Every structure is written in structure tokens, then in C-alpha cells.
Amino acid sequence: MAHYRKCLEAAIEQLSRFEPEKNNPEQFLEDARASLQTLSPQKQAFVLEVLSGCVEYRKLLTTVVDAFYVRDGRLCLRADYSLFQVICYLATFQLEELGFQVFRDLVKSQPADKMRKFLRFFFNPLNLCSWVKDEWGLTYDTAHVKDWTEPLLRWQPEVQELLSQLEGRLTGQPRPSKAKVTEPKSFNLTVPRPRAIPVPEPVPVMAKATPAPQSTYQPPKEPKVLEMTKRYNRRRAEELLLRANLEEMRCAVPRARREAPAQGSRKLRLRFLPRIHKTPKPTFYRPNEVPVKLNTATILREGALYQRQVEKELQRVDKLVDGAGDFSEFLEWQKRMQAKDQEEQRAADECRRLRGKLSHEEAALARQQLLRENRHRAAEKKEEMAELMRQRAERRLREEKSLKELVEQVAEGQKNVKVVQMKLLKGRQQIVQEVAEESRALLQRSAEEAKEEQRRRWELISQLRALESQPTRQGKLVDLTQTPGHGLEGEMSIVELRERLALLKEAQQREEEEKRDQIIQGKRAKSQELQNALEQISLCRAAMGRSAALRWEEKKAAAPEAPSQDERVQELQRRIEERAAERRRQAAELYMPASRTVGPRLQAQPEAQHWLELEQSQERRLRALQRRGAACGPTRRLQAA
């Protein structure tokens, strides 16, 4: 029993030192052979055979032992990992060669509890026939795995008898006596002093934030330019459309050469044959900005919209053909109601604008009142400042007089101090000379020591450089055409691997080219569909433009109604005029006595006059816009259409 225990302990100790990432298997076995020289040749051969088998089938053994720690061995120590690997190797590959008697002696030489748990888990038929077989099949061939698992199933009766013997050994062991529990005692620590109340820190002053720029509150210029361009192009297109509709048949009525002219002014025209003149293309206003480009979604959406409109118009025509009624009277009533609502909306907008104007006038009055109060306070502050300056001048005169007296007293005292200062200066000069001599000696000594240290360092550096300059062999010769020979499926050399990768890359490039061609063909088909949709949209837009121009002519033919004046608008205009008159009167009173004030008020009068003229010009412009409000009604209705 001791013989088996010693062999297993030597194998476990050597196996625990093996690290697959760092150690080479062949070098590891050579080191193990050197460390096992103290054992007998038979024991040494057994231990080396176990070590080589555990290293060769490391993946197979690791799979079983890791699963054991996860399922049944959660309470086992990680230090016993190598022990379970050795037992698993002996049971799988050496059980037929050693015999079950030797294997039983090896198992009994180890702790009974650990061996019972591991053997019960490993020799479980359910585990051997299910996941153990599948996991081993991922690394090795299925025939080899079957040759390894079938002997384990045949040894089931002997293994069960061994497990019953291990359980009997565990039940026969006496229970360990309870140890005396240590009772902790509390430490005799010094009670800390209470903390002092910290001095409050001063509250930091927050820096003034930078105000937002004025451009944040102003609308951008681009929408205004686009709107102006749109209105100009629309008006130009309507004019050209109306001219083309009125004169479209004039050029197609030829006259006979022998027919007498109706008027004398047309004699020169009738001398030649009539010609059909081509309608000039409409020229639109083209801004400097780049035109807006429609994307795919916009084109499809607009095409669907026009398609729905065409279908709706066809349905309406079909209903009229079938005898459906007309909605002309309802449409006339609807137009009247809409015109009435628009008039009320314009009146409400005008009231809102006039309220804003009224609030502006009231704010101007408040600013004038605040300016008057500020000027009064400024005059009082100036008087107080003049009084403070006078008091300060008197105080400075008194201080200069006292300083002159003090200077005279100090000059008298300095005459007696000069003799004492000369004696003190001589003593200090002597001390300085002595200190300078001592420091010079110390500096000379430190310079000699530094030179010696520098010389010694230079010798060491020259020796190190001589050692580094000796040639050393670095690197390892590698044959790229050689196969590793690990016995795995699909082994190949690096050259073959590079060739296969190159072939795989070429195949991927061919697939990418085919996909790219398919994508290009799809894009071309889609672009052709979009082009057709754009042509259809342009035709629909032209038709809608013509219909809108005809509707605009009908609206212009109708007599424009005079804009109605609301009582609220008149009342607000009257209040605004009163506030403006009061503000002008206060401004005149505020700046009237400018000739009797000081220089700054004379400079402020032209600025006030400038602001007054600016406000008057704004009022005149507002009245002109109100007078032209009646003429703007058809234009607003055109924009709404």
C-alpha cells in the first residue's frame, strides 16, 4: 500500500507543475526524469508512463474532471485536480494492463471519501453513454471513443464492489471530537476625541454666463428667399400661361394671299405668308442657392398622391355620367362662409397686432419715465461726489504736512546712527570672507569626488557595452512546408494553409462581384422607375398649374369686397394714437430745456431727434400698409389656394 501511495504522490507532484501554455511536453518529461532519479527503475518507469499519458490525453481528462467539479465535486479542493486526472487516466487506459487488483490497491491508498465520489461519478453508466461519449467524440474518432468506454462498462460489477468497500471504511471511522470554540474578547481601545466642527468654506461666486447671440431669436433668411422665389416663379408662370391660353389659336389662322386687308395698318404683314410662331419657353427667376433635390421617398409619395387624385377625378366623372347631382350651390355657400371666416380672422390678427403696438407705446412711456428718474439720481450723485473730492483734498494737505515733520525728525536721528552702521558693516564683511573660504574648500572637495564617481561609472558602462556587443543567436529555424504531426484531422503546413486561404479569398471576391452586379442592376431598374414617376409628376404639376391659373383669373374677374372695419380695431387704433401723442409730448418736454443744461445734454438732443423721426416714419409706413390692406385680399387667397 505504501509502495502505491509513493508512486501516485510522485506522479501527482510532477503533473501539478505542468503548464500547457508555458512548458514543452518533451522538455517537461525530461525534467521529470531527472527529478525521479532517487526512485527505483520500475517505479520510475511507472511514473513516467503515467505522466506521458496524462500529458498526451490532457483534453480528454480535463473534460471529465471539470464536469466532476461542476456536478458532484463542488466541495472538493482544487489542489486534488491532478489526483483525479491520474485516477481517470489509470481507469481509462491502464485498467486492463494493471489488473483490477492493482487498481484497487492504488485507489485504497488515497482518501476514501474523494475516491468514492469520483469513481461513482466517472463509472456511472448514464454519464459514460451520454455526455462523456459526446464530448470525447468532438476531439477523437468515434471508434477510439467506443474502444475506451466499453471496457469501463464491463468493469461495472467490480467497481460497485470497490465503492461498497470504500463506503464501509467511511462508516467505520470514528467521528472527530468537537474542538473547543474560541471565544473572542473585545479590544480595549482608546475612545477617540470628538471631531471639531470644521470652519465653513466661503460660498463660491458663480461667473456670469455668456448671453445667447441675437441670431438665436431671429428666423433664418433661407425660408424667406425660397418663399420669394416661389411666389415670383408662380406669378411669372401664371402670366405666361394666361398669355398662351389667350393667344394659342391666333398663329394658326392663315389668310389668303389675294384677300384684301381689313385695315391699313396690316398691309405690310399680309405681303408675306403667315407663319406659325413657337410659344417662347417661360423663364423663371433662378436664385444663387442650389435647388432642392427630391429623394426616392418624396418622388414615390408625390406620384401616389397624383395617382389618387386622378382616380378620384375619374370616379367623380363616372358619377356625373351615371346621373349624380352637382354641388355648385353648396360650393358657393362654402366659399361665402370661408370668405367670412377669413375676414374675421384678419380682424382678429389686426387686433392682436394693434395690442402689441399699444404695449410697445406703453413700454416707451415707461422707459422715458425711468430715464427722467435716472437723470435726477445722476445729478444727486455728482453733487455728493464733488463734496467727497473736496474733503479728500483737505485730508491730503494735512497728511503731507505731518509727513514733512516726520522726515525732519528722522534726518536728525540718522546723524548719530552712521558711526554704529560703519562698525557693524566691518564685522559683517569679515564674517563673509571666512564663510567664502570654507565654501570654496568644500566645493573643491565635492568636485574631486564627482570626478572619481564619473570615472568609475564610465568603466562600468564600457564593460556592459562590451558584453552587449558579443554576438548571440536569436530566433528559431522554422520550415513552413513541414506538417506538425500532432495526429489531428486536417493537419497541414503553413504553405498549404496560405494557398487554401488564397483560394477562399478568391471565391469570396467572386461572390462579392456577383452581388455587386446584382445590386447595380437593381439600382438601374429602380432609377428608371423613379425617372418614369418624375415624368408623370411633371405632367401632373403642369396640369395643376394651368387649373390654378384659371381659378385665379376667375377670382380676379369677381369684384373685390371692401374690407370691413371692426369696432375693436378702431378702438385700438384710437388708443395707440393717444399713447403716441402723449409719448411725443413727454419726449418734447424732456429734451426741450436742452439749451439751458450742460454739455452732455446738448449732445443727446440730436440722438433723441433721430429716434423721434424714426418712430414717425414707422407710423407713416403702418398707415400706408393699412390703406393697401384691401388690395392684398386676392393675393392672400391665391397663396391659400
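Residues numbered from 1 in each chain as written. Predicted model: local features only at pLDDT ≥ 70, side-chain atom pairs only at ≥ 80, totals over all residues. Heavy atoms only, no water.

1. Overview of the overall build of the protein
Here's step 1: The secondary structure content of the protein amounts to 19 helices and 0 strands.
Here's step 2: Looking at the 641 residues of the protein, the share that counts as buried comes to 19%.
Here's step 3: In the protein, the proportion of contacts linking residues at least 24 apart, taken out of those at least 6 apart, comes to 73%.
Here's step 4: Of the roughly 52900 Å² of accessible surface on the protein, a fraction of 55% belongs to carbon and sulfur atoms. (Helix = DSSP H or I, 4+ residues; strand = E, 2+ residues; numbered from the N terminus. Buried < 20%, exposed > 50% of the residue type's maximum accessible area, 1.4 Å probe, protein only. Contact = heavy atoms within 4.5 Å. Areas by Shrake-Rupley, 256 points an atom, 1.4 Å probe, with all protein chains shown as cover.)

2. Details of the pattern of salt bridges
Here's step 1: By the definition in use, this model includes 23 salt bridges.
Here's step 2: Between Asp 113 and Arg 116 there is a salt bridge; the shortest N-O distance is 3.2 Å. In this pair, Asp 113 and Arg 116 both sit in helix α8 (residues 112–122), 3 residues apart, roughly one turn of the helix.
Here's step 3: A salt bridge links Arg 541 to Glu 302; its shortest N-O distance comes to 2.8 Å. Residue Arg 541 is found in helix α16 (residues 494–557), and its partner Glu 302 is found in helix α14 (residues 296–322); the two are separated by 239 residues along the sequence.
Here's step 4: Judged by relative accessible area, Arg 541 falls into the partly exposed class, the value being 41%.
Here's step 5: We classify Glu 302 as buried; its relative accessible area is 13%.
Here's step 6: Each of Glu 387, Arg 390 and Glu 394 takes part in salt bridges that share partners, so that together they form one network. (Salt bridge = Lys/Arg side-chain N within 4 Å of Asp/Glu carboxyl O.)

3. Quick notes on the packing of helix α5 (residues 81–93) against α8
Here's step 1: Running from N to C, α5 and α8 point in directions that differ by 50°, and their axes come no closer than 11 Å. What the angle tells us is that α5 and α8 run oblique. Handedness of the α5/α8 crossing: right-handed. On α8, the residues touching Leu 83, Phe 84, Ile 87, Cys 88, Ala 91 and Thr 92 of α5 are Lys 114, Met 115, Phe 118, Leu 119 and Phe 122.
Here's step 2: A per-class count over the contact of α5 with α8 returns 9 nonpolar, 1 polar and 1 charged. (Axes fitted to C-alpha atoms, helices over the stretch in contact; angles between N-to-C directions. Parallel < 35°, antiparallel > 145°, perpendicular 65-115°, else oblique. Left-handed = near helix turned anticlockwise from the far one by under 90°. Nonpolar A, V, L, I, M, F, W, Y, C, P; charged D, E, K, R; others polar.)

4. So, the packing of α14 against α16
Here's step 1: Between α14 and α16, the shortest axis-to-axis distance is 9 Å and the interhelical angle comes to 50°. Put simply, α14 runs oblique to α16. Crossing geometry of α14 relative to α16 is assigned as left-handed. Judged by residue contacts, Thr 296, Ile 299, Leu 300, Glu 302, Gly 303, Tyr 306 and Gln 309 of α14 engage Lys 526, Leu 530, Ala 533, Leu 534, Ile 537, Cys 540, Arg 541 and Met 544 from α16.
Here's step 2: In the contact of α14 with α16, the residues fall into 9 nonpolar, 3 polar and 3 charged.

5. Focus: helix α11 (residues 142–154)
Here's step 1: With 13 residues, α11 should reach 18 Å at 1.5 Å per residue; the first-to-last C-alpha distance of 19 Å fits that figure.
Here's step 2: Those residues of α11 that sit buried are Val 145, Trp 148, Thr 149, Pro 151 and Leu 152. Relative to the axis of α11, the buried residues are bounded by an arc of 155° and lie together on one face. Exposed positions of α11 whose direction lies more than 90 degrees from the buried face are Thr 142, Asp 147 and Arg 154. (Expected span 1.5 Å × (residues − 1). Arc of directions from axis to C-beta.)

6. Topic: α16
Here's step 1: If you check α16, its first and last C-alpha atoms are 92 Å apart, about what 64 residues at 1.5 Å a residue would give, namely 94 Å.
Here's step 2: Every buried residue belonging to α16 is among Leu 530, Ala 533, Ile 537, Cys 540, Ala 548, Ala 549 and Trp 552, and all of these are buried.

7. Observations regarding the packing of aromatic side chains
The geometry of an aromatic ring pair is captured by two quantities: the separation of the ring centres and the angle between the planes.
Here's step 1: Evaluation of the coordinates by the stated rule reveals 19 aromatic pairs.
Here's step 2: Between Phe 100 and Trp 155 the ring centres are 5.6 Å apart and the planes differ by 10°, which places this aromatic pair in the stacked class. With Phe 100 in helix α7 (residues 100–108) and Trp 155 in the loop between α11 and α12 (156–172), this pair connects stretches of sequence that are 55 residues apart. There is no split in this pair, since Phe 100 and Trp 155 are both buried.
Here's step 3: Taken together, the ring pairs connect Phe 68, Tyr 69, Tyr 81, Phe 84, Phe 118, Phe 121, Phe 122, Phe 123 and Trp 131 into an aromatic cluster. (Phe/Tyr/Trp six-rings, centres within 6.5 Å; stacked < 30°, edge-to-face > 60°.)

8. Structural notes on a nonpolar patch on the surface
Here's step 1: Where nonpolar side chains cluster on the molecular surface, the patch consists of Phe 330, Leu 331, Trp 333 and Met 337 and spans about 380 Å² of accessible area.
Here's step 2: Assignment of secondary structure puts Met 337 in helix α15 (residues 328–468). (Patch = residues over 30% accessible without salt bridge, like charges linked within 9 Å, V, L, I, M, F, W, Y side chains within 5 Å.)

9. Quick word on a positive patch on the surface
Here's step 1: On the surface, Arg 392, Arg 395, Arg 396 and Arg 398 cluster together into a patch of positive charge.
Here's step 2: In this fold, Arg 398 is placed in helix α15.
Here's step 3: Exposure remark for Arg 398: the relative accessible area of 55% places this residue in the exposed category. (Lys, Arg positive; Asp, Glu negative; His and termini not counted. Charge placed at Lys NZ, Arg CZ, Asp CG, Glu CD.)

10. Points about the side chain of Thr 149
Here's step 1: When you line up the elements, Thr 149 lands in helix α11.
Here's step 2: Contacts of Thr 149, omitting those with residues within four sequence positions, involve Leu 128 and Trp 136.

11. Concerning the confidence of the model for the protein
Here's step 1: Here the protein averages 77 in pLDDT, and 81% of its residues register 70 or above.
Here's step 2: For the protein, helix α19 (residues 633–640) is the element with the lowest average pLDDT, namely 42, and α16 is the one with the highest, namely 88.
Here's step 3: When the criterion is pLDDT under 50, residues 251–291 qualifies, and its contacts beyond four places in sequence or with other chains add up to 23 contacts.
Here's step 4: The model gives residues 559–564 a pLDDT under 50, and that stretch makes 3 contacts with residues more than four places away or in other chains. (pLDDT = per-residue confidence, 0-100.)

12. Side note on a negative patch on the surface
Here's step 1: On the surface, a cluster of negative charge is made up of Glu 511, Glu 512, Glu 514 and Asp 517.
Here's step 2: With respect to the secondary-structure elements, Glu 511 resides in helix α16.

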